[in-house]
Amino acid sequence: MNPVAALAAAVLAVIGQPAPSFTATDVKGQEVSLADFKGKVVVLEWNNFDCPFVKKHYQSGNLPKLQETYADKGVVWLTVNSAAEGKQGYLEPSKMAEKAAAEGNKAAHYLMDTDGKVGKAFGAKVTPHMFIVNKDGALVYDGAMDSKATPKADDIETAEPLFTNALDAVLDGKEVPDSKNKPYGCGVKY
Amino acid sequence: MHPVFQTALAAVIASPVPAAERSGKAEASWLSAASHYQAGEPLRTAIRLAADSGWHTYWDNPGEGGMPTSITLHLPDGWKAGEIGRPAPVRFLTGDLPGFGYEGEVLFPVELTPPAGASGEMTAKAELSWLACSDDACIPGEATVELKLSPGKPGTTTDADRIGKAEKQVPETVEGVSLDVTADSHPLVLSVRSTRDGFDPAECSVFPLEFGVVDAGADLHFAKSGDGRWRAEVPASEYADAPPASLTLVFVPEDGTKPLRVAWTK
């Protein structure tokens, strides 16, 4: 079986269905389960600070600002790092905590998914790859940050904000537009 | 005048070394098949993008992840450019992600036509923006490359051969070959009909030009079916939320003949 088929076969995440349950440890050593946030909207953001498409959204301040804005609206934001040990984007948890702080990451938790189980269950392909789980625990968004698949920060302002459009719809109790679209970025370094 | 040009008009003229612009993990330059231009006469050139060993850049359909290379031309007044040719790609995996593109060097052929009254040295510019990836990392690149040419009797440069080879790798649309897609089936059923001599879809590598219609990681192989057609079954892309309305395939014959582009519309 080729690796693509292997990856596809393990994906449990389907739009409209319950999101895959998981438990992972954050950079501070705290265990975090999706079930802990029942009744809240949860965002999962796949991360690798060495990826130019991730740099686009951090160095411009876009992702830190969104993390802050939506935390104020009661959203639980989980940044997930599925890089295997030794691969690009991996640091040991204490160093990752420092790195995330230096990059301005304001997520509720920065999760170390070093064995890739959470990433593969969700079918996370790239960084950044965005997922939204609604208050009922269903997966309601699987896709890109926005419509312009470039590493240029200047493009953020003119792009269609696919992810925040979806998140706003979830918070407003409306149907999620474009709930599944092609995410752009660097491959997750499983 | 250059001594080579003076004494041996028929000889291949060493190409003036174009300044290669380096950025990230690749370098770009603009090559010409002719040493000089003649007013009103089309001129064969190619924009070269060479990724470092172990790195690749992407086709129009990059597959999962990746990013198509973009090229914007800035020509002197009155100069015209034909379509920028995109040679047929190869398949690769970047980590787990299936993609389409070019390992190492690719030449994008483009024909320029000076206006009838063109004179004096001309400078054309091309802005390139690309993503180079290896298994370990992706690094974007940006460069502006220049082509400078003077008017005069055109000699063949040392780049002419490789420009010619690149031109033969650009897919062309031909008569006598058609594609049909049964859009409401799972998997999708693709069928090709051809009256073109020597074209055998079963002896081709096949690439989808659009993302999000057929699964980028799927094997796309046609086999001869009993009704004088060739048939392939392929899973739809997970991003295809409606039956597809159009699909364009690029067939790259294993015998090295020119690739074909075959389009279907519902």
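Computed from a predicted model, the values in this text were never measured in an experiment.

Participant: Is there a simple way to think about the overall build of chain A in this case?
Facilitator: For chain A, the helix and strand inventory stands at six helices and nine strands. Seen through its C-alpha atoms, chain A measures out along the principal axes to roughly 40 × 35 × 35 Å. Taken across its 190 residues, chain A has 55% of its residues classed as buried. Taking as baseline every contact in chain A between residues at least 6 positions apart, the subset at least 24 positions apart corresponds to 73%. Surface exposure of chain A reaches about 8200 Å², of which carbon and sulfur atoms provide 49%. For chain A, the centre of its 21 positive side-chain charges and the centre of its 24 negative side-chain charges are spaced 3 Å apart.

Participant: Help me understand the environment of Leu188(B) in this model?
Facilitator: All names here are of chain B. Tracing the backbone shows Leu-188 in strand β13 (residues 188–194). Given the relative accessible area of 2%, Leu-188 is considered buried. Separated by 26 residues in the primary sequence, Leu-188 and Val-214 place their C-alpha atoms 7.9 Å from one another. If near-sequence neighbours (up to four positions away) are discounted, Leu-188 is found in contact with Thr-182, Ala-183, Val-213, Val-214, Ala-232, Glu-233, Val-234, Ala-236 and Pro-244.

Participant: Is there a simple way to think about the interface of chain B and chain A in this case?
Facilitator: It is common to give the size of an interface as the accessible area lost on bringing the parts into contact. With 23 residues of chain B at the contact, the number on the chain A side is 22 residues. Overall, the association of chain B and chain A removes approximately 1800 Å² of surface from exposure, summing both partners, and the carbon and sulfur fraction of that is 61%. Run the count over chain B and chain A and you get four salt bridges. The interface formed by chain B and chain A contains six residue pairs in polar contact (both at pLDDT 80 or more). Those elements that place two or more of their residues in the side of chain B that touches chain A are β4 (56–63), β8 (97–103), β10 (122–133) and β11 (138–149) of chain B. Considered class by class, the residues forming the side of chain B that touches chain A number 12 nonpolar, five polar and six charged.

Participant: How should I be thinking about the sheet that holds strand β17 (residues 246–253) of chain B in this particular structure?
Facilitator: Adjacent strands of a sheet form backbone hydrogen bonds with each other and so pair up, either parallel or antiparallel. Residues and elements named next belong to chain B. Spatial strand order, β14-β17-β18: three strands in an open sheet with antiparallel pairing. If you trace the sheet from one side to the other, it starts and ends with β14 (204–208) and β18 (260–265), each paired once. Direction aside, the axes of adjacent strands within the sheet are offset by 25° on average. With five bridges joining them, β14 and β17 adopt antiparallel strand pairing. Across the sheet, residue Pro-208 finds its bridge partner in β17, namely Leu-249.

Participant: Teacher, can you tell me more about the sheet that holds strand β2 (residues 26–32) of chain B here?
Facilitator: Residues and elements named next belong to chain B. Spatially, β1-β2-β3-β9-β6 is the arrangement adopted by the five strands of the open sheet, whose pairing is antiparallel. The two strands at the open ends of the sheet, each matched to only one other strand, are β1 (21–23) and β6 (80–81). Helix-sheet contacts for helix α2 (residues 160–168) involve β2, β3 (43–51) and β9 (105–113), and the interaxial angle to β3 is about 85°.

Participant: Just to check I follow, could you spell out the state of the cysteines for this structure?
Facilitator: By definition, a disulfide links the sulfur atoms of two cysteines through a covalent bond. Overall, the coordinates contain two disulfides over all chains when judged by the stated rule. The residue that forms a disulfide with Cys51(A) is Cys186(A), at a sulfur-sulfur distance of 2.1 Å. The sign of the 85° torsion about the S-S bond sets the Cys51(A)-Cys186(A) disulfide as right-handed. With a gap of 135 residues between them, Cys51(A) in the loop between β3 (42–46) and α2 (52–59) and Cys186(A) in strand β9 (residues 186–187) connect regions that are remote in the sequence. In terms of burial, Cys51(A) and Cys186(A) fall into one category: buried. One disulfide in the model links Cys133(B) with Cys138(B); its S-S distance is 2.2 Å. In this structure the cystine formed by Cys133(B) and Cys138(B) twists about its S-S bond by roughly 110°; its chirality is therefore right-handed. Judged by its relative accessible area of 4%, Cys138(B) falls in the buried class.

Participant: Help me understand the pairing of β9(B), please; the structure alone is not making it clear to me.
Facilitator: As a general feature of sheets, a regular strand has side chains that alternate between the two faces. Residue and element names in this part refer to chain B. With eight bridges joining them, β3 and β9 adopt antiparallel strand pairing. Counterpart to Ile-47 in the pairing with β9 is Phe-108. Here β6 runs beside β9; their pairing, made up of two bridges, is antiparallel. In the strand pairing of β9, Lys-80 is matched with Thr-113.

Participant: For this particular structure, what's the right way to read the domain arrangement of chain B?
Facilitator: Residue and element names in this part refer to chain B. Annotation of chain B at the domain level lists domain 1 (3–168) and domain 2 (177–265). Each of domain 1 and domain 2 has a C-alpha centre, and the two are 29 Å apart. Overall, the association of domain 1 and domain 2 removes approximately 1200 Å² of surface from exposure, summing both partners, and the carbon and sulfur fraction of that is 58%. If you sort the residues of domain 1 by the area they bury against domain 2, Trp-59, Asn-61 and Arg-91 come out on top, with a joint share of 39%. The tally of links between domain 1 and domain 2 comes to zero salt bridges.

What counts and what doesn't
- Residues numbered from 1 in each chain as written.
- Chains lettered and ligands numbered in written order.
- Predicted model: local features only at pLDDT ≥ 70, side-chain atom pairs only at ≥ 80, totals over all residues.
- Heavy atoms only, no water.
- Helix = DSSP H or I, 4+ residues; strand = E, 2+ residues; numbered from the N terminus.
- Buried < 20%, exposed > 50% of the residue type's maximum accessible area, 1.4 Å probe, protein only.
- Contact = heavy atoms within 4.5 Å.
- Areas by Shrake-Rupley, 256 points an atom, 1.4 Å probe, with all protein chains shown as cover.
- Lys, Arg positive; Asp, Glu negative; His and termini not counted.
- Charge placed at Lys NZ, Arg CZ, Asp CG, Glu CD.
- Buried area = accessible area lost by both parts, 1.4 Å probe.
- Salt bridge = Lys/Arg side-chain N within 4 Å of Asp/Glu carboxyl O.
- Polar contact = N/O pair within 3.5 Å; in protein donor to acceptor, adjacent residues only side chain to side chain.
- Nonpolar A, V, L, I, M, F, W, Y, C, P; charged D, E, K, R; others polar.
- Pairing = 2+ DSSP bridges.
- Axes fitted to C-alpha atoms, helices over the stretch in contact; angles between N-to-C directions.
- Disulfide = S-S within 2.5 Å.
- Domains from an automatic or database assignment.

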